[in-house]
Amino acid sequence: MAAIKVIVDEGLKIALSAVRMAVKNDIIVGALGDHTDYDPERYAATARHELHLLTRQNEQYARRVKDLRTELTRSRWTSDLTEDQRRDIIQLKLRRRVHEKLAEALEAVAADDDKVARLVRRAQRAASDEVSDAVSSRLIRLNIDWHDPDYEARREARTEVFLHIDLALLKLKHDAATDLSASDY
């Protein structure tokens, strides 16, 4: 049973990372693409939706593995099974239990408002960091030597781009700075 717990815990960490990434992407698209304000409730709904999708997926995997195991054990007399087939039967039982437990763990996270809120806050910080890095890279590329003959002609456009990017960056940093917790648990 300890081995199953370790596998489920690792699977949950991977699943939460995937959910955080989906929420982070939703935050970035919302802020930069749709120009919507940050709404923690919206992103909590996104997180729960992703958690429920992963829960259903693991439930389906558990049923599929159970069916495979049943088919394997019924297809031959148990005495006719090879050693590999016997190991497969044991592994399929383990995989079914892991998927069932992982589905339960994901559903428990989705039902816990505090865990969902922490997940969303971490996604917000990750979104802020990603946008900040992109903005910094863009600003570095926008840097033009003042000796360039077109410097004055392009100055106004560069200034406008800088202001829009800088203001968006400041807002994201402010939003990220309002909560410093770093764990989903």
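Residues numbered from 1 in each chain as written. Predicted model: local features only at pLDDT ≥ 70, side-chain atom pairs only at ≥ 80, totals over all residues. Heavy atoms only, no water.

Participant: Even after reading the chapter, I still don't get the overall build of the protein, so can you show me in this structure?
Facilitator: Across its full length, the protein carries five helices and zero strands. In sequence order, the secondary structure elements of the protein are arranged as α-α-α-α-α. Residues counted as buried form 31% of the 185 residues belonging to the protein. Across the protein, contacts joining residues at least 24 apart in sequence account for 76% of those joining residues at least 6 apart. (Helix = DSSP H or I, 4+ residues; strand = E, 2+ residues; numbered from the N terminus. Buried < 20%, exposed > 50% of the residue type's maximum accessible area, 1.4 Å probe, protein only. Contact = heavy atoms within 4.5 Å.)

Participant: What is the right way to read the packing of aromatic side chains from this model?
Facilitator: By convention here, two paired aromatic rings are described through the distance between centres and the angle between planes. Tallied over the full model, the rule gives one aromatic pair. Seen from their ring centres, Y38 and Y43 are 5.4 Å apart, and the 25° between their planes marks the pair as stacked. (Phe/Tyr/Trp six-rings, centres within 6.5 Å; stacked < 30°, edge-to-face > 60°.)

Participant: Just checking my understanding: could you explain the nonpolar core for this structure?
Facilitator: Across soluble globular proteins, nonpolar side chains show a tendency to be buried alongside one another. Among the nonpolar cores identified, the biggest contains 30 residues, and L12, V19, V23, A47, L51 and L106 are the most heavily contacted of them. Contributions of two or more residues to this core are made by α1 (2-33), α2 (40-75), α3 (83-111), α4 (113-142) and α5 (151-177). Here the element with the most residues in this core is α1; it accounts for nine residues. If we skip the residues at most four places from it in the chain, A47 touches V19, V23, V116, L119 and V120. Grouped together as the second largest cluster of nonpolar side chains are five residues, L72, L81, I89 and L92 included. (Core = buried A, V, L, I, M, F, W, Y, C linked by side-chain atoms within 4.5 Å.)

Participant: What is the right way to look at the pattern of salt bridges in this model?
Facilitator: A side chain of one charge can pair with a side chain of the opposite charge if their charged atoms are brought near each other. The final tally for this structure, using the stated rule, is six salt bridges. Linking K24 and E130 is a salt bridge whose minimum nitrogen-to-oxygen distance equals 2.6 Å. One end of the pair, K24, is in helix α1; the other, E130, is in helix α4, and 106 residues separate them in sequence. Here E130 falls in the partly exposed class, since its relative accessible area comes to 39%. (Salt bridge = Lys/Arg side-chain N within 4 Å of Asp/Glu carboxyl O.)

Participant: Sorry, what's going on with α3 here?
Facilitator: Side chains three or four residues apart in an α-helix point the same way, a direct result of the helix having 3.6 residues per turn. Between the first and last C-alpha of α3 there are 42 Å, a value that for 29 residues agrees with the 42 Å anticipated at 1.5 Å per step. Those residues of α3 that fall on the buried side of the exposure criterion are Q85, I89, L92, R96, V98, H99, L102, A103, A105, L106, V109 and A110. (Expected span 1.5 Å × (residues − 1).)

Participant: Help me out: how do you make sense of the environment of A18 in this one?
Facilitator: Along the chain, A18 falls in helix α1. Along the sequence, A18 and L54 sit 36 residues apart, while their C-alpha atoms lie 9.7 Å from each other.

Participant: Sorry, what's going on with a nonpolar patch on the surface here?
Facilitator: On the surface, L163, L167 and L170 cluster together to form a nonpolar patch covering roughly 310 Å² of accessible area. Topologically, L163 is positioned in helix α5. Overall, the relative accessible area of 46% leaves L163 in the partly exposed class. (Patch = residues over 30% accessible without salt bridge, like charges linked within 9 Å, V, L, I, M, F, W, Y side chains within 5 Å. Areas by Shrake-Rupley, 256 points an atom, 1.4 Å probe, with all protein chains shown as cover.)

Participant: For this particular structure, what's the right way to read the side chain of K24?
Facilitator: Judged by its relative accessible area of 13%, K24 falls in the buried class. When near neighbours in sequence (up to four residues on either side) are disregarded, K24 contacts A123, A126, A127 and E130.

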